[in-house]
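Close look at the chain arrangement
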Amino acid sequence: MKKIFVISAVALAVLTGCAGERATVTPEPRIEQQVAGQVLVSPNDERQYKTLVLPNKLEVILVSDPTTEKSAASLSVGVGLLQDPMSQQGMAHYLEHLLFMGTERYPDPASYNGFMSQNGGAANAYTWLDITNYMFQINNPSYDEALDRFSDFFKAPLLLPEYTEKERNAVNAEWSMRREMDFFGQFKLSRSMFGEHPANRFLIGNLETLSDKDGSKLHDETVKFYQQYYSANTMKLALLSNLPLAEMELLARKHFAAIENKEIARPAVDAELNYEDFGAKRIHYVPNEDVKQLKLDFTITNNNDEFAVKPNEFITYLLGSEMPGSPAQQLKALGLISSLSASADPGAYGNYGSLTIDINLTDSGMAQREAIIATVMQHLELIKREGVDSKYFSEIQTSLANRFRFLEKTDGFGYVSNLAHAMQFVPAQHAVNAPYHYERFDAAAINRVLQQLTPQSLRVWYISQQEPADSELHFYDGRYKIAGISEQEIASWQQDQVATNLPAVNRLLPENFELREPAQVDKPELVVEEQGIKAWLYPSQQFASQPRGRLSIFLNSPAALQDSKAKVMFALWQDLYNLEQSVLATEASVAGMDLSLNDSNGLLLNLGGFTDKQPQLLQQALAGLMPQVSAERFSQAVDRYVRGIRNLERRFPFQQAFMAFNSLYRGGNYNNEQLIASAEQLTAADLQQFMQQVLVNHQLRIFAFGNYNQADVKQLVNTVAATLPAERTTLPYTRSPVWQPAPGEVISLQQDLVVADVAVVDMHIHPDPSVKQLARGRLLQSHFSNKAFDTLRTEEQLAYAVGGAAVSVEDYTGFGLYIQTPVKSVAEMQQRFDDFKQQYWQTLQQLDNADFEQLKQSLLVSLKEPPKNQQEEMAPLISDWYQEKFDFDSKQKLIAEVEKLTLVDVQAFYQQTLLNKDAARISVQMRGTGFSQQPFAEIEGQQVITDLADFHRRMKTQ
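As named in an unreviewed UniProt entry, the protein is Protease 3, taken from Arsukibacterium tuosuense. In its Cofactor (unreviewed entry) section, the UniProt entry covering the protein states "Zn(2+)". Of the protein, the UniProt comment under Function (unreviewed entry) reads exactly: "Endopeptidase that degrades small peptides of less than 7 kDa, such as glucagon and insulin."

Strand order in the open sheet made by the 6 strands is β25-β26-β24-β27-β23-β28, with mixed pairing throughout. Since the sheet does not close on itself, it has two edges, and those belong to β25 (801-809) and β28 (942-944), each with one partner. The average angle at which neighbouring strand axes cross in this sheet is 20 degrees, direction not considered. Bridge count between strand β23 (residues 746-752) and strand β27 (residues 920-927): 7 bridges; the pairing is parallel. If you follow Ile 747 over to β27, its bridge partner there is Ile 922.

Turning next to the packing of helix α2 (residues 109-118) against helix α26 (residues 771-795). In a pair of packed helices, the angle between the axes and the distance between the axes together describe the arrangement. In contact at an axis separation of 9 Å, α2 and α26 are set at 170 degrees when each is read in the N-to-C sense. The angle between the axes of α2 and α26 places the two elements in the roughly antiparallel class. Two packed elements cross with a definite hand, and for α2 against α26 that hand is right-handed. Of α26, the residues touching α2 (which contributes Ala 110, Asn 113, Gly 114, Ser 117 and Gln 118) are Ser 782, His 783, Asn 786, Phe 789 and Asp 790.

Let us now look at the packing of helix α9 (residues 311-320) against helix α12 (residues 369-387). Remark: α9 packs on α12, axes separated minimally by 10 Å, with the N-to-C direction vectors making an angle of 125 degrees. Judged by the inter-axis angle, α9 sits oblique to α12. The handedness of the crossing between α9 and α12 is right-handed. Counted together, Phe 314, Leu 318 and Leu 319 of α9 and His 379, Leu 380, Ile 383 and Gly 387 of α12 form the full contact between these two elements. Residue composition of the contact of α9 with α12, grouped by class: 5 nonpolar, 2 polar and no charged.

Residue position: Arg 459 is located in strand β13 (residues 458-463). Since its relative accessible area comes to 0%, Arg 459 is described here as buried. Discounting residues that sit within four places of it in the chain, Arg 459 has contacts with Ser 190, Met 193, Phe 194, Phe 278, Lys 281, Ile 283, Lys 295, Leu 296, Asp 297, Thr 299 and Tyr 349.

Here the domain parsing of the protein yields domain 1 (48-257), domain 2 (281-401 + 440-493), domain 3 (525-730) and domain 4 (746-954). Computed from C-alpha coordinates alone, the two centres of domain 2 and domain 3 are separated by 31 Å. The interface is formed by 18 residues belonging to domain 2 together with 13 residues belonging to domain 3. When residues of domain 2 are sorted by the area they lose upon contact with domain 3, Glu 289, Asp 290 and Glu 322 head the list and together hold 30% of the total. Applying the counting rule to domain 2 against domain 3 returns 1 salt bridge. Measuring nitrogen to oxygen at the nearest pair gives 3.1 Å for the salt bridge that ties Lys 292 to Asp 639. Scanning the region where domain 2 abuts domain 3 turns up 9 residue pairs in polar contact (both at pLDDT 80 or more). Elements with a contribution of two residues or more to the side of domain 2 that touches domain 3: α10 (327-333) and α11 (363-366).

Let's shift gears to helix α31 (residues 903-913). Counting buried residues along α31, 8 of its 11 residues qualify, which places the element largely inside the surrounding structure. Of the positions making up α31, those classed as buried are Leu 903, Asp 905, Val 906, Gln 907, Ala 908, Phe 909, Tyr 910 and Thr 913. Buried-residue contacts for α31 involve β24 (758-765), α26, β26 (812-821), α27 (826-845), α28 (849-864) and α30 (890-900).

What follows is about unusual backbone geometry. If you check the backbone angles, Lys 57 has positive phi at about 70 degrees while not being a glycine. Examined against the element boundaries, Lys 57 turns out to sit in the loop between β3 (48-53) and β4 (59-64). Unlike most non-glycine residues, Glu 263 shows phi in positive territory, near 55 degrees. Here Glu 263 shows up in the loop between α7 (245-256) and α8 (275-278).

With respect to topology, 6 strands assemble into an open sheet ordered β3-β4-β8-β5-β7-β6, the strand pairing being mixed. The sheet terminates laterally at β3 and β6 (122-127), the two strands that pair on one side only. Neighbour-to-neighbour, the strand axes of the sheet open up by a mean angle of 10 degrees, direction not taken into account. Alignment of β6 against strand β7 (residues 132-139), held across 6 bridges, turns out to be antiparallel. Along β7, the bridge assignment pairs Ala 123 with Phe 136. Lying over the sheet, α7 contacts β3, β4, β5 (70-77) and β8 (235-241), oriented at roughly 145 degrees with respect to β4.

With that settled, the discussion passes to the nonpolar core. Counting residues in hydrophobic clusters, the biggest one holds 83 residues, and the most contacted among them are Phe 136 and Tyr 230. In this structure, Tyr 230 is in contact with Val 77, Val 79, Leu 95, Leu 99, Thr 132, Tyr 134, Phe 154, Phe 225, Met 235 and Lys 262, ignoring residues within four places of it in sequence. With 70 residues, the next largest nonpolar core counts Tyr 49, Leu 380, Ile 383 and Val 460 among its residues.

Once that is clear, we can look at the UniProt feature "domain: Peptidase M16 N-terminal" (unreviewed entry) in the protein. Annotation from UniProt places "domain: Peptidase M16 N-terminal" (unreviewed entry) at residues 60-193. Secondary structure across residues 60-193 comprises 40% helix and 20% strand; the distance between its end C-alpha atoms is 38 Å.

With 5 bridges joining them, strand β16 (residues 525-530) and strand β17 (residues 533-538) adopt antiparallel strand pairing. Bridge assignment links Leu 526 to a residue of β17, and that residue is Trp 536.

As a further point, take the packing of aromatic side chains. Between two aromatic rings, the relevant description is the distance of the centres plus the angle of the planes. This structure, assessed with the given rule, holds 60 aromatic pairs. Residues Phe 658 and Tyr 818 carry aromatic rings whose centres are separated by 5.3 Å and whose planes lie at 65 degrees to one another, so their mutual orientation is edge-to-face. Linking Phe 658 in helix α22 (residues 653-665) with Tyr 818 in strand β26, this pair joins segments that are 160 residues apart in sequence. Judged by its relative accessible area of 22%, Phe 658 falls in the partly exposed class. Judged by centre distance (5.3 Å) and plane angle (55 degrees), the ring pair of Trp 881 and Tyr 882 falls under tilted. What makes Trp 881 buried here is its relative accessible area of 1%. A relative accessible area of 25% places Tyr 882 in the partly exposed class. Site record: aromatic cluster; members linked through ring pairs are Trp 128, Phe 183, Phe 184, Phe 187, Phe 194, Phe 202, Tyr 275, Phe 278, Tyr 349, Tyr 352, Phe 475 and Tyr 476. Sitting above the plane of the Phe 187 ring, Arg 191 keeps its charged end 4.3 Å from the centroid.

The rules behind each value
Counting restarts for each chain, with residues numbered from 1 along the sequence as it is written. Two thresholds apply to this predicted model, a pLDDT of at least 70 for residue-level local features and 80 or more for giving and counting side-chain atom pairs, whereas whole-chain, interface and lining totals are computed over all residues. As a rule here, side-chain values cover all heavy atoms of the structure and leave hydrogens and water aside. UniProt positions are given in the numbering used here, feature names are shortened, and annotations may be inferred rather than shown by experiment. Only strands joined by at least two bridges in the DSSP assignment are considered to pair. We count a stretch as a helix when DSSP gives it H or I for four or more residues in a row; a strand needs E for two or more, and each element gets its number in order from the N terminus. Whenever a helix is involved, its axis is fitted only over the stretch in contact; in every case the axis is a line through C-alpha atoms, and angles between N-to-C directions fall within 0 to 180 degrees. An angle below 35 degrees is treated as roughly parallel, one above 145 as roughly antiparallel, one from 65 to 115 as roughly perpendicular, and anything else as oblique. The handedness criterion is simple: a crossing whose near helix is rotated anticlockwise from the far helix by less than a right angle is left-handed, and one whose near helix is rotated clockwise is right-handed. Note on contacts: a residue pair is in contact if any heavy atoms of the two residues lie within 4.5 Å. Polar here means any residue outside two lists: the nonpolar Ala, Val, Leu, Ile, Met, Phe, Trp, Tyr, Cys and Pro, and the charged Asp, Glu, Lys and Arg; Gly therefore counts as polar. Here's how the labels work: a residue is buried when its accessible area is under 20% of the maximum for its type, exposed when over 50%, partly exposed in between, all with a 1.4 Å probe on protein chains only. What marks off one domain from the next here is an automatic or database domain assignment. Buried area: the sum, over both parts, of the accessible surface (1.4 Å probe) that disappears when the two are put together. Every case where a carboxyl oxygen of Asp or Glu lies within 4 Å of a side-chain nitrogen of Lys or Arg is listed as a salt bridge. As used in this structure description, the phrase polar contact means that two N or O atoms lie within 3.5 Å; if the pair is within protein, one of them must be able to donate a hydrogen and the other to accept it, and residues adjacent in sequence are counted only when both atoms belong to side chains. Here, nonpolar core means buried Ala, Val, Leu, Ile, Met, Phe, Trp, Tyr and Cys residues that are tied together by side-chain atoms lying within 4.5 Å of each other. The aromatic pairing rule takes the rings of Phe, Tyr and Trp, using the six-membered ring of Trp, and pairs them if the centres are within 6.5 Å, calling planes under 30 degrees apart stacked, those over 60 edge-to-face and the rest tilted. Whether a charge sits over a ring comes down to the Lys NZ or Arg CZ being within 6 Å of the ring centre and within 35 degrees of the ring normal.

In C-alpha cells:
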C-alpha cells in the first residue's frame, strides 16, 4: 500500500512531455493564466479553487469540480529522511506505515483499507528526503466519513507497540524488493559521500536499522518522532470533490482544524557540504542491470525558490537539446552514444540538489568516455559564453505557456497528491502553475547556476558491468570504486573535441490553434478505404475544444507470430528508427507533440499533441521509416536488444511473473534465450531485406482521434500512401492467438530468477467465455484483493506486493492471487494461497446484500466516470479497434452486465473459479536465489511449459 515515489514539482517543467498537460481552448489566447480563489490555474480549468489557513495554521487548497464522480484528499508533512534519527534510519518511512495501523476512533488496522475498498476508493502514501505525503480517493457519497478516518491519522494514531514488529517486517519486505534496484544503490552511494550531512542516511529502513538499540528503543523513538514533527503548521492539505467550496471549507474545518499545532519551525537543513569530499571524483559503479552509462553529476545549491525564473530548466534545455550541432546529435552521429538527457532536481539533498547529464553509451562510446566528457564540458563552456540568451527563454516560455493554456485534468488521486506536494515547496497560489510559469528572463539566476557547474562540483559516473570495484554498498547490492580526477585530466577537457553549436530555432512550435467543426458521432467511423489503407476517425466528443489529436498508424504483419527472428527484427527496426528520429522527436516534444515507433504485431507509428504542425511532423517521420542500417549501427542495436532482454531479469519478481503470465497464454512469444540466439544470428543485410519485405506485405490501418475531420484523414492517407512502395500486397489482419482453456487443464511456467525473492501468480479461468463473467470478476476483485492484502501482508507479513486480480484472457476471465515474498518458498506460498482461497470463501458467504450493493455501485461509479482528458476518452475505443470490435461498445456491455449482478452471481463465480478443481488454470512460479534449494509447487495435472514457441504451436486457440 505504501510506495516510495520520487516527485519533484518543479521538475515537471522539463520539456519532454508532462502528465496532465491539456485542457480546453480559451477565448482569450493572450491570457496565460487566471486567478481563481488565489490559485493561478489554466484558463481552461473550469473548477473552482480556494486557499485558506485553518486556525491551527494548516494550509489548505480546495478544488470544487461538480463533474467529478470521486472525491480525493492529500495531506503532506514537511518531514522525511533528513530528520531520521541516526539510531533509527528509515524512521520517517516506518512511521508512514504505522499510521495506517489504527487510530483511537478507528482502531482496527483493516478498517481503513476495507472502507476504501467498499466505497470505490484507493489509498497510498510515500516518503522522501523532505516530505511524507498521504492520499486517498473515494466515491463522493463516502467523502465525509473518509475524511474523518483519514484525519484521525494526524490527530490520534494509536502507534501500538504490538504493530512495531509487523510494520518492521513490512518495511523490510519493501527494502528487499528494492535492494537490487540500481537507482537506489546509486542514490545511496551519492549521499554517502556527503559525510555528516543529514542526506547521508538510509531512506527505506530494514530490520537492522529499525530495531531496539542501547539508548534507542524503536517504539519510543517512533512516538517521539511523531510528536516532534507531525504538527499542523508543517502540513499542507489538498481537497477535491463535487461539493461547493463553502461546503468543502466546512469539511476541512470539521476534520482538520483539531490537528495539534505544536508551533514548530519547518524542518530545514542548513549543514554545509565540503566539496572536497565528493567533487572532482570519478565513480566506477558496477550495476545489477547490464547498462553502459556515463553520468555527469553536478551538485548545486537548492534554488527551488527561483521556480518562476527557471534557471535549471533553461540550462538543461540547452544541454539536452538534440538539435543539429548539439552534443547529443553529434555524438549519436559518430556512433558513440544512443541517448543524452539533462535534468535537475534542486532539492535532491535538502539544501543542495543536482544537475545531471545522463548518457547511454555504445561500445565505441565506452572506449571514448573521456572524449565524450570533454565534448559535453566544452559545450557547457559554450553555454556560459554565448547561451544565456533571451531567445531561448522565449522558446521555453512559449512551449510551457501552450501546455498550460490547454492543460487537461488528471485523476483526482494524483492531482491532490501533486498539490499537497507542491505546497511544501512553492506558495499555494502557484501549486498548479509552478511547472509552467516562466515569469521573465533572468540572466543572473541562470549564471548563478552555471557558475556552480565546475569540475569541483562534478562527479563523473562510469556505470557498467566492466568497471573496477574495491568496495560494496551497505543495504544495497552494488559494487564501486571512487577515484580522484586529476588536474591534468580536467585541463584536457578543454582541448579540441567535437565542435558543437547552440540550438537553432524550433520549427514545430504551433502557431494556429484552430478547431475543426464539431462533429457529433456515436462511435469511430471508417471514413477512408483506398490505396490499400483503412482509416477510422473519431473527433473527440468530450474535449472538442482541444486543438490536439492522436494518430495511430498501424502497419500490421503476421511475421513476428511465425518466426522469432522476425520478432527480433521488428524490435531492432523500432530501436534504430527511434534513435535516428530522436532529433525530430525532441523538437516535436518541445513543441507539444510526441512521436514514437513501437513493435506490436508489426509496427505502430504514434503521433500526438497539437495538430497545427502535425502534417509536417508526419511527413518527416514517414520519410525516415526505413532507418539507415550500417554494420556498426546494427551491431549496436543488437547489443542494446540483448542487454534489454537480460535486464528484464532484474525487474521486481512479481512484475516478471505477470510478464510471464501474459507470454504464456498469448501466442507470438518466445523464450528469452531463443530471442537472444536469433538476434546474434542476424545481419544488417537481413534487417534491410526484412524492412523492404514488410513495407510491401502488410495491412495498414489508421486511427485518428481528436481535432481532425474527414478531409484531414483523407490527406493523411495520401501522405502515408505516397511514402510507401507503389506496389503493395494487403495481407489479412493478424492478431496474436490466445490459448483456449479446457476443463482441468493447468499450464505452468517455473523459472529460476537472478534476484532474491519469490513471486507467484495463481490464476483460475472461468469456463464461460462471456462479458458476464468478466463483470462478476471485476466486481469481486477489490473486495478479494483487500482481504488478501490485510491477511497476507498486514497480519502475516508475508510480502509487500500482494493482492487479487481479475484478468481478461481474451474472451475468458481469470481470477486469482499474486505475491512477491522474501520469506516463503514457491511451494509454501502456493499452499498458503490454497488455504486462503478456502478462508475467503467463508468471508464471501458472510457478505450481506447491503455490502454487496455498495461494492456494485462503487464499481459502476468507476466504470461510468466521464473521461477527464483525451487519453481517457480514447483508451476504450482504440482497445476495441485493435481487437476489431467495430461496434466500439465493450465498455457499455461490461457496464450493462455489472448492473444485472446479484450477490448470488459473484458467489457462484468464486465457486466456479477458485473453488473449482476442474477450472483451467495458469500458474507462474518464480523462484528467487534466496530459495533456490526449495522446490517449485506441485499442482495436480499441471503441464510445465519450457518452450513458449513450441507450446503456442500446439495449443488450442480461441
